[in-house]
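Inside the fold
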Amino acid sequence: MDNVSKKISAKERYSFAIGALGKDLVYGITATFAMVYFTDVLGVGASFVGIVFFVARFWDAINDLMCGVIVDNTKNKFGKFRTWLVIGTISNAIVLALMFTDFGLSGASLYTYVAVSYVLWGMTYTLMDIPYWAMIPNFSRDKKEREKISVLPRIFASIANTLIIGGFGIQIIDFLGKGNTGLGYSRFAYTISAIFLVTIAITVANVKTPDEVARISTKQNDEKLDFKKMTQLIKENDQFLVTVGVSLNYNISISLIFAVAVYYFIYVCGSKGMFGVFMSFASLAEISGLFLFPKMATNFSKKKIYFYSAVTHILGFLVLLFTGIFCPQNPIMTALSGVLIKFGAGFMLGIITVTLADVVDYGEYKLKKRSETLIFSAQTLLVKFTGALGALLVGFVLDLTGYVPNTTQGPLTIFVLRFLMCIVPMIFITISYLLYKKKYILNHQYMEKIHASLK
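Per chain, the residues get numbers from 1 upward, laid out in the order the sequence is written. Restriction of local features to residues with pLDDT of at least 70 applies here, the model being predicted, together with a cutoff of 80 or more for giving and counting side-chain atom pairs; totals for whole chains, interfaces and linings are based on all residues. The side-chain values count all of the structure's non-hydrogen atoms but skip hydrogen atoms and water molecules.

Our next topic: helix 12 (residues 331–367). Strands are runs of DSSP state E lasting at least two residues, helices are runs of H or I lasting at least four, and both sets are numbered from the N terminus onward. To estimate the expected span of a helix, count its residues, drop one, and scale the result by 1.5 Å. Taking 1.5 Å per residue as the helical rise, helix 12 with its 37 residues ought to reach 54 Å, and the 52 Å between its terminal C-alpha atoms agrees with that figure. For the exposure calls, accessible area comes from a 1.4 Å probe over protein chains only, and a residue counts as buried if that area is under 20% of its type's maximum, exposed if over 50%, partly exposed in between. Most of helix 12 is tucked away: 28 of the 37 residues are buried. Polar contact criterion, stated in full: a pair of N or O atoms within 3.5 Å, where within protein one must be able to donate a hydrogen and the other to accept it, and residues adjacent in sequence count only if both atoms are side-chain atoms. Where helix 12 starts, the residue carrying a side-chain oxygen 2.9 Å from the main-chain nitrogen of Ile332 turns out to be Asn330.

Once that is clear, we can look at the environment of Val397. Turning to its location among the elements, Val397 is positioned in helix 13 (residues 372–400). Judged by relative accessible area, which is 14%, Val397 ranks as buried. By the convention used here, residues are in contact when the closest approach between their heavy atoms is within 4.5 Å. When near neighbours in sequence (up to four residues on either side) are disregarded, Val397 contacts Val416 and Leu420.

A word on the pattern of salt bridges. Each reported salt bridge corresponds to a side-chain nitrogen of Lys or Arg within 4 Å of a carboxyl oxygen of Asp or Glu. Scanning the model with the defined rule gives seven salt bridges in all. As a salt-bridge pair, Lys23 and Asp24 come within 3.1 Å of each other at their nearest N and O atoms. One exposure class covers both Lys23 and Asp24, and it is buried. We note a salt bridge from Lys366 to Asp238, for which the minimum N-O separation is 2.9 Å. Taken together, the positions of Lys366 in helix 12 and Asp238 in helix 9 (residues 238–268) put the pair 128 residues apart, joining distant regions of the chain. Note on Asp238: relative accessible area 28%, which makes it partly exposed. Linked through salt bridges whose partners overlap, the residues forming this network are Lys23, Asp24 and Asp129.

Moving on, we come to empty space enclosed by the protein. The gaps of empty space that remain are located by a probe, the size of a water molecule, rolled over the atoms. In this analysis a 1.4 Å probe is tested at points of a 1 Å grid over the protein atoms alone, and where it fits but cannot get out there is a cavity; an open set with protein on both sides within 12 Å along at least five of seven lines is a pocket; lining residues have an atom within 4 Å of a point. Grid points are joined across faces, edges and corners, and a volume is the space filled by probe spheres set on the points. A full pass over the atoms with the stated rule returns five cavities of 30 Å³ or more. Reported here for the largest cavity is a volume of approximately 410 Å³. Forming the boundary of the largest cavity are 24 residues, of which Asp24, Arg154, Asn161, Leu349 and Val383 lie nearest the centre. At the level of elements, helix 1 (10–41), helix 4 (107–134), helix 5 (143–177), helix 9, helix 12 and helix 13 are the ones that each hand at least two residues to the lining of the largest cavity. Three residue categories are used. Nonpolar comprises Ala, Val, Leu, Ile, Met, Phe, Trp, Tyr, Cys and Pro, charged comprises Asp, Glu, Lys and Arg, and polar comprises the others, including Gly. Of the residues contributing to the lining of the largest cavity, the split by class is ten nonpolar, eight polar and six charged. Roughly 200 Å³ of volume is contained in the second largest cavity. Lining the second largest cavity are 20 residues, with Thr30, Ala31, Phe53, Gly387 and Ala388 sitting closest to its centre. Where the lining of the second largest cavity is concerned, the elements lending two or more residues are helix 1, helix 2 (46–72), helix 4, helix 9 and helix 13.

The next thing to look at is the packing of helix 12 against helix 15 (residues 444–454). Think of two packed helices as two axes; the pair is described by the angle between the axes and how far apart they sit. At a minimum axis separation of 10 Å, helix 12 and helix 15 run at an interaxial angle of 55°. The orientation of helix 12 relative to helix 15 falls into the category oblique. Relative to helix 15, helix 12 is oriented so that their crossing is left-handed. Within the contact between the two elements, helix 12 uses Asp358, Asp361, Tyr362, Glu364 and Tyr365 and helix 15 uses Tyr446, Met447, Lys449, Ile450, His451, Ser453 and Leu454. Along the lines of polarity and charge, the residues of the contact of helix 12 with helix 15 split into six nonpolar, two polar and four charged. In this analysis an axis means a line fitted to C-alpha atoms, helices contributing only their contacting stretch, and an angle means the value between N-to-C directions, from 0 to 180 degrees. Angles are sorted into four bins: roughly parallel if under 35 degrees, roughly antiparallel if over 145, roughly perpendicular if 65 to 115, and oblique for all others. Handedness of each helix crossing follows the sense of rotation of the near helix against the far helix: counterclockwise by less than a right angle gives left-handed, clockwise gives right-handed.

Next up, the structure:
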């Protein structure tokens, strides 16, 4: 596998990264607006939506891992990654458009449609997301090349998810709807579906190295992966389990922001405009953090960077908390909180992406079996699971505290929304850092030893 250390062309790197723009627009509109669309536009109960989101993740626990097995065992001339990118993207674009379409249903038929469309969205997103991220370890084993490749798609994802969806999503929906909010959501979803198809088409057409490397690896190890071997690989890769714990806690904190933010800024701060201020400045900060990550990785260990990131996150949440209490519509303080939280997030995203790629190599070194799609299926599962957990919490909180859409909320609803938005994320960020500090062992020296052995 000599070409696994070659320099990757700019064309291939940027073609890979642009795919993240489309797929994270899809994820962003679902994570940020699906619950609000279901409750405030279609009139579905908040608790029901939260339960659907959460139950769908239990199915994903099986579906995502099995998808990883299917991708790993795919063998054709086109390549296992690009094959499933095409299948997953086309099916997910269709489901997204249907999920944000109001067919005038009511009662049991409406509730059934919401549940089925959301479950199908999760399944089809998995078909595309797992092979996309699983490409990264097959680009290169060179440390600098891998950091370049890992950071670029995160930057495009941040532009899509935090800047476009978070910073300007509400304004775009208002503009497209021209006074009809439901129509605005639908047209936004249709536009995103079209962009999604174009960006992934660019990735599929120009990114061929990962499939070429994976094809060579498959020839060297032709053993077929089944559910029993998959379970064994998970249990025996201790650093994979550590990374799952780290990523789980981090993603819970970030998912809570996306699940609560719209409600928090509209009903706690009294201004949906502050949602745009928070998200747009947060996105710019996250992109800056991602740009700086390769430089930081050259001068500091990953554990130090993770510490700086955790501290920055916590400071940001404290600023957001006190701003919401004392000056809820102050744009400068709101922007500052977003900058602090998401600047640290840029570092964490860079570290987690590189860490997963390192875990793939560690698994091959220790267990003699390369299973990148299995490892990265865990990332897809965790992102969706924590998003659903956030929706479940918010759904029950809204119903139990007497939430009524489009009106002033009671003090209990406001208190709990503030707690979920500002306090709970700090707790999970702290746990994530402590796990990384105490349990993660794949430092630079160890990885050099692993790469030397794998060559």
